[in-house]
Amino acid sequence: MLSNHFQNGMETARLAWSQLPNSEEGEFDEVGFSKKSDSSAVESLDYEVIENYAYREEQEKRGKLFVGYQVSLKWFLALLIGIGTGIAAIFINISVENFAGWKFALTFAIIQKSYFAGLVIYVSFNLALVFSSVYIVTRFAPAAAGSGIPEIKGYLNGIDVHGILLFRTLVGKIFGSIGSVGGGLALGKEGPLVHIGACIASLLGQGGSTKYHISSRWLQGFNSDRDRRDLVTCGCAAGVAAAFRAPVGGVLFALEEVTSWWRSQLMWRVFFTSAVVAVVVRTAMAWCKSGKCGHFGAGGFIIWDISDGQEDYSFAELLPMAVIGVIGGLLGALFNQLTRYITYWRRNYLHKKGARVKMIEICLISVITSAVSFGLPLLRKCSPCPESEVECPNPPGMYGNYVNFYCLNDKEYNDLATIFFNTQDDAIRNLFSAKTIHEYSAQSLLTFLVMFYTLAVVTFGTAVPAGQFVPGIMIGSTYGRLVGMFVVSFYKKPNIEEGTYALLGAASFLGGSMRVTVSLCVIMVEISNNLKFLPLIMLVLLISKAVGDAFNDGLYEEQARLRGIPLLESRPKYQMRRMTAQEGCRTRKVVSLPRVIKVSDLVSILRCNTHNGFPVIDHSRSGETLVIGLMLRSHLLVLLQSKVDFQHSSLPSDSRGGSFPIRHNNSEFIKPVSSKGLSLEDIHLSQDDLDMYIDLAPFLNPSPYIVPEDMSLTKVYNLFRQLGLRHILVVPRPSRVLGLITRKDLLIEDDDDSETELQSTSVS
Ligand code: ATP
């Protein structure tokens, strides 16, 4: 007899059979995001351990050697992720610095004869690089557009965002970043490096890319979403560590901003990966210092050693510093709001017109950016070099501090060109420079602030890889330096440095826009190499975050929402306190399956809904209905495709006693297989197949998480988020209690720590 629940499912199946689209997956646009603006097309990942029959059999077979191999493999992969991300970061930096070097050397050589010819060469060089970037992204790797942090954040929150961890996304991100950053756009390479680290981690975790024939059987130890999640976390930390040469900051950024689940074993591995990155990057930089890497030498990687900056600060300075925090909060929140409107408009109108429009858009922005950064300094009057500066101006053809650009006198420099007509890393180093008082005029700083802020807002969301750290630092350090100039003039104390205020400004803008505090604080200390500023950075970050929070959410949360990524935030919504689990279930008619199901019925049910989990119902000898577990759609599809476990009888396969006679390869059921891989349309079943039966008992998850109907939704939310679940079953109050588990029951002597390490993901 079919249960009522199953009849519900069949009824829905019959009604909806003819109306439903064929595709099992949501549709995605060229940028790799769901076309639907809501979250319904997004699938979740299976982070839960499915303790089915196959899993239990495998656990019993596991020897100590195998466990040791898995633990060693995890550490080996952490090492490879560190090395891979470090090498990718060095490659990007060397390429960007060299392209920038050639560009500026050529432009400076040509402007000795004609400024107009110099402008044409400069604009064309940038345009060529930006075009290569947008071409790679739109034609080859759509998911490589943007910073990738909202998508990785979503992935680690349990959402499967299409295409973000593919091999071609990795390649697109690396080469796209070189083009977009080298092309002088108002964006950075740091966000993309986080995405690159995550891609490297995911690919290593699955043993390479089988599609491109770059894979190794030895690395294919981890295929489940749960294991990949841990590796991707390592990759994110490695990306930040490589971008800023800030290993501790990388670990904290992964913990604070990107991950939703954390555990102590993971901390060690993430820390190890970041340390490996630091070593790789340092070794490469030492090697490059002797000129072996072309224009890439001391510059390139963000590190502004201002350890010889301001020695001390007075109590009175705290007020202007707090003002910097407030400005950072306001400008950061405004940045989030403006980019939100523009991204919404782009996604819904402009980018719908196709790849060509995306290319034209970014090429136009590139021409405007180049024209502005070349043209505006031409309007500025040059300033005489400070007498103390022997390296002012830079030698002809060199870019760096004190750029001599359109100056009548050889002993002059153009302050606006020093920040506008320069590589981003050099511009930031110049803004943080504590050498000269009033190196930049207030007019130049204001001009740069307004123009660069506008360019950063407009460039954000275009179809090229783009990070927001560097634009944020440039914007923040400009107004920070402006406040610093005012403080120097007002207090008239010799020890006050404008560069210190520029650093605080950078921290405040990032805090006001990204709303990251602890990790950003550590990153700023690591890159400035000055521990004395720690309390000041903490102060401005706290103020800017508080001010920003009063207006809107952080940049990544806003962007994730726009991309239809339904993030589960760390705190449940207030109204959930008043709701029960039952009230939280949007669908009242549960589509469930009987233990033994006819193949044709199963196909009907799968075809008429897109759910990924189905409760499985059986009956006890006394006729009582029992929920015996949860079956994943992905597992059902594997069963239908292979057909090996089809049976003629409608009776349970173990009805004659003993274990289940599974003919299927167990390994396919131990881990949740990706639901993206297989769709119902790929499966061809004959009439004979459709008349057969399948016993689901060996393949289902017999211990899904179950909550009573009157549990508060807040509690359900916390359980769901903290355990990284995909499904929770809501049931009526149980009629009896079998036992109680308390802390003492769980304090069992463990004779194998490594085994705990492998399994604890499920309970962390
Ligand atoms: P995810 O989308 O997170 O990967 P899923 O695909 O299993 O999980 P959806 O089908 O997207 O879940 O869920 C949409 C709505 O359908 C939710 O409100 C959920 O409660 C409901 N739902 C999910 N599974 C079933 C089911 N088997 N029977 C009835 N309703 C369901």
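As a reminder, the structure under discussion sits directly above these lines.
The structure presented is a predicted model; accordingly, all values stated were derived computationally and were not measured.

Participant: Give me the lowdown on the state of the cysteines, citing residues and values where you can.
Facilitator: Taken as a whole, this structure holds one disulfide when the rule is applied. With its sulfur 2.0 Å from that of its partner, Cys-382 forms a disulfide with Cys-407. Of note, the bridge from Cys-382 to Cys-407 carries an S-S torsion of about -80° and is left-handed in sense. Separated by 25 residues along the polypeptide, Cys-382 in the loop between α12 (355-378) and β5 (383-384) and Cys-407 in the loop between β5 and β6 (412-413) bring together distant segments of the chain. You'll find Cys-382 and Cys-407 in the same group, each marked buried. Free cysteine: Cys-199, not disulfide-bonded; nearest cysteine sulfur from Cys-236 at 9.6 Å.

Participant: Let's hear about the site of the ligand: which residues, and what values?
Facilitator: Of all residues adjacent to the ligand, which total 16 residues, the nearest are Ser-44, Val-591, His-611, Asn-612 and His-727. Contacts to the ligand include Ser-44, whose side-chain N or O atom sits 2.4 Å from an oxygen atom. For the shell around the ligand, the elements supplying multiple residues, two or more each, are β1 (43-44) and β9 (613-619). The element that contributes the greatest number of residues to the shell around the ligand is β9, accounting for three residues.

Participant: Go over a nonpolar patch on the surface, please, and point to the residues and values.
Facilitator: Nonpolar side chains collect at one region of the surface, where Trp-75, Val-248, Trp-268 and Phe-271 lie side by side and expose about 430 Å² of accessible area between them. Relative to the assigned elements, Phe-271 resides in helix α10 (residues 264-292).

Participant: Outline the nonpolar core, supporting the account with residue identities and numerical values.
Facilitator: Soluble globular proteins tend to pack their nonpolar side chains together in the buried interior. Of all hydrophobic cores here, the largest spans 126 residues; its most connected members are Ile-152, Phe-244, Phe-469 and Ile-537. Taken domain by domain, the makeup of this core includes at least three residues from each of domain 2 (74-292) and domain 3 (315-358 + 380-562). Once residues lying within four places of it in the same chain are set aside, the contact partners of Ile-537 are Leu-503, Leu-504, Ala-507, Cys-521, Met-524 and Val-525. With 26 residues, the next largest nonpolar core counts Val-599, Ile-605, Met-631 and Leu-696 among its residues.

Participant: Let's hear about the sheet that holds strand β7 (residues 593-594): which residues, and what values?
Facilitator: Across the sheet, three strands lie side by side as β7-β9-β10; this open sheet has mixed pairing. Strands at the two margins of the open sheet, each flanked by one partner only, are β7 and β10 (625-632). As paired strands, β9 and β10 are joined by seven bridges and run antiparallel to one another. Each bridged residue has a counterpart across the sheet, and for Asp-618 the counterpart in β10 is Leu-626. Docked against the sheet, helix α23 (residues 633-642) engages β7, β9 and β10, running at close to 80° with respect to β10.

Participant: Please set out the side chain of Thr-339 residue by residue, giving values where relevant.
Facilitator: Topologically, Thr-339 is positioned in helix α11 (residues 318-350). Assessed through its relative accessible area of 0%, Thr-339 is described here as buried. Within the structure, Thr-339 has its side chain in polar contact with the backbone oxygen of Asn-336 (distance 3.0 Å). Contacts of Thr-339, omitting those with residues within four sequence positions, involve Val-457, Phe-460, Leu-555 and Gln-559.

Participant: Account for unusual backbone geometry, with residues named and values stated.
Facilitator: Here the phi dihedral of Asn-529 falls at roughly 60°; this positive angle occurs in a residue that is not glycine. Mapped onto the fold, Asn-529 is located in the loop between α18 (518-528) and α19 (534-549). Even without being glycine, Lys-643 reaches a positive phi, approximately 65°. Exposure remark for Lys-643: the relative accessible area of 29% places this residue in the partly exposed category.

Cut-offs applied
- Residues numbered from 1 in each chain as written.
- Predicted model: local features only at pLDDT ≥ 70, side-chain atom pairs only at ≥ 80, totals over all residues.
- Heavy atoms only, no water.
- Disulfide = S-S within 2.5 Å.
- Helix = DSSP H or I, 4+ residues; strand = E, 2+ residues; numbered from the N terminus.
- Buried < 20%, exposed > 50% of the residue type's maximum accessible area, 1.4 Å probe, protein only.
- Near = heavy atom within 4 Å.
- Polar contact = N/O pair within 3.5 Å; in protein donor to acceptor, adjacent residues only side chain to side chain.
- Patch = residues over 30% accessible without salt bridge, like charges linked within 9 Å, V, L, I, M, F, W, Y side chains within 5 Å.
- Areas by Shrake-Rupley, 256 points an atom, 1.4 Å probe, with all protein chains shown as cover.
- Salt bridge = Lys/Arg side-chain N within 4 Å of Asp/Glu carboxyl O.
- Core = buried A, V, L, I, M, F, W, Y, C linked by side-chain atoms within 4.5 Å.
- Domains from an automatic or database assignment.
- Contact = heavy atoms within 4.5 Å.
- Pairing = 2+ DSSP bridges.
- Axes fitted to C-alpha atoms, helices over the stretch in contact; angles between N-to-C directions.

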